[in-house]
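# Structure at a glance
Spelled out from the first residue to the last, the chains are:
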Amino acid sequence: MDQSADASGLLEGSDIESQKERVVTEEEWLQKWEMGNIGFHKEQRHPLLQKYLDVLLNGRSGLRIFFPLCGKAVEMKWLADMGHTVVGVEVSEQAVKEFFSDHSLPYCEEPVPEISGAKMFQSTSGNISLYCCSIYDLSSSIIGKFDGVWDRGALVAVNPCDRQRYASLMINLVEKNSSYLLVTVSYDPNKHKGPPFYVPESEIKSLFGNCCEIRCLEKVDDFSERHRQWGLDYFLEVLYLLKFVA
Ligand code: SAH
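None of these values were measured; they are calculated from a predicted model. (Residues numbered from 1 in each chain as written. Predicted model: local features only at pLDDT ≥ 70, side-chain atom pairs only at ≥ 80, totals over all residues. Heavy atoms only, no water.)

Here the focus is the overall build of the protein. Scanning the protein from N- to C-terminus turns up nine helices and nine strands. Taking 2.2 N^0.38 as the reference for a compact globule, 246 residues should give roughly 18 Å; the C-alpha atoms of the protein span a radius of gyration of 17 Å, in line with that estimate. By its C-alpha atoms, the protein is 55 × 45 × 30 Å across when sized along the principal axes. Buried residues in the protein amount to 51% of all 246 residues. Taking as baseline every contact in the protein between residues at least 6 positions apart, the subset at least 24 positions apart corresponds to 70%. Total accessible area on the protein stands at roughly 11,300 Å², and carbon and sulfur atoms take up 48% of it. Taking the average location of the 25 positive side-chain charges in the protein and that of its 36 negative ones, the two points are 3 Å from each other. (Helix = DSSP H or I, 4+ residues; strand = E, 2+ residues; numbered from the N terminus. Rg over C-alpha atoms; globule rule 2.2 N^0.38 Å. Buried < 20%, exposed > 50% of the residue type's maximum accessible area, 1.4 Å probe, protein only. Contact = heavy atoms within 4.5 Å. Areas by Shrake-Rupley, 256 points an atom, 1.4 Å probe, with all protein chains shown as cover. Lys, Arg positive; Asp, Glu negative; His and termini not counted. Charge placed at Lys NZ, Arg CZ, Asp CG, Glu CD.)

Time to look at the site of the ligand. In the vicinity of the ligand, 15 residues are found, and the nearest of them are Trp33, Leu69, Glu90, Ile135 and Arg152. Note that a nitrogen atom of the ligand is positioned 3.3 Å from one of the side-chain N or O atoms of Ser134. A total of 580 Å² of accessible area belongs to the ligand in isolation, and the protein chains cover 94% of it. Residue composition of the shell around the ligand, grouped by class: 10 nonpolar, three polar and two charged. (Near = heavy atom within 4 Å. Polar contact = N/O pair within 3.5 Å; in protein donor to acceptor, adjacent residues only side chain to side chain. Nonpolar A, V, L, I, M, F, W, Y, C, P; charged D, E, K, R; others polar.)

Going from Gly194 to Pro195, the amide bond is cis rather than trans, its omega being 0°. Looking at the secondary structure, you find Pro195 in the loop between strand E7 (174–186) and helix H8 (201–208). In this structure, Pro196 follows Pro195 across a cis peptide bond, with omega equal to 0°. Take Pro196: it is sitting in the loop between E7 and H8. Here Ser104, not a glycine, exhibits a phi torsion of approximately 50°, which is positive.

With the rule as written, the count across this model stands at 10 aromatic pairs. Between Trp33 and Phe40, the aromatic rings sit 5.6 Å apart at their centres with planes inclined by 70°, giving edge-to-face as the arrangement. Among the aromatic residues, those joined into a cluster by ring pairs are Phe99, Phe100, Tyr107 and Phe121. Over the ring of Trp29 we find Lys32; its NZ or CZ atom is 5.4 Å from the centre of that ring. (Phe/Tyr/Trp six-rings, centres within 6.5 Å; stacked < 30°, edge-to-face > 60°. Lys NZ or Arg CZ within 6 Å of the ring centre and 35° of its normal.)

On to a negative patch on the surface, then. Taken together, the side chains of Glu26, Glu27, Glu28, Glu34 and Asp137 present a region of like negative charge at the surface. Assessed through its relative accessible area of 40%, Asp137 is described here as partly exposed. (Patch = residues over 30% accessible without salt bridge, like charges linked within 9 Å, V, L, I, M, F, W, Y side chains within 5 Å. Salt bridge = Lys/Arg side-chain N within 4 Å of Asp/Glu carboxyl O.)

Most of strand E6 (residues 146–152) is tucked away, with six of its seven residues classed as buried. Of the pairings in the sheet, the one linking strand E1 (residues 64–67) to E6 comprises two bridges and is parallel in character. Opposite Phe66, over in E6, you have Val149 as the bridge partner. Two elements, E6 and E7, share six bridges in a ladder whose sense is parallel. Across the sheet, the residue bridging to Phe146 is Val174, located in E7. (Pairing = 2+ DSSP bridges.)

Shape descriptors only; they carry no functional weight alone.
Given below as structure tokens:
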């Protein structure tokens, strides 16, 4: 069947079966960083975060904002410069170190007593802390709770079999009244194996719907040459606001 009619992102059900079993190991992620195979990294601030920053902040200042699976996302520096406290988690130490060197930020590193082998890298100014470990090793007792979350390239990078675990952890990490901006991607999953993985709206609802209000804020065409090379003929970014009400 020609799926191009589903460019609105309406593919559901059996169409995502093709990605259900796919697993990308931590070792493979480390290799992507070593090989410089990081097409997901953007040098510019994400336009949807710029557009919806006020929605994330909701009139508040001095927030604690979490970046799951952060890579070296440039928005971490941007939000920290605005006076927020940023915490990220990233399995690749190379990515974490590149973040600090790309922005010429001095930092110190220390072990995380609760997690064997994990390290925490913190800017000398203290407002950016990046945990180098698997996100599944974290809990609110280690990193506290957050007023806001920027989830781009994170849920969509999680192996499909781990989504439930990821969502439960994220729910545990947010304060009541927090805002969680979630960017997913929509494309024909029969044509590309991911990551990023296609996560349909029905799944967002089943993962988070019991705990928060979910609003789709925008769907934008993000199709580029990179996606054409993957064999795709459409690629959308879909932004959701998850509102954890008191
Ligand atoms: N959010 C970033 C990076 C997206 S790519 C951005 O917008 O640029 C996904 C990142 O998650 C990669 O850098 C990968 O190394 C990291 N990662 C994958 N599995 C992880 C895990 N279990 N725990 C922490 N980081 C992980």
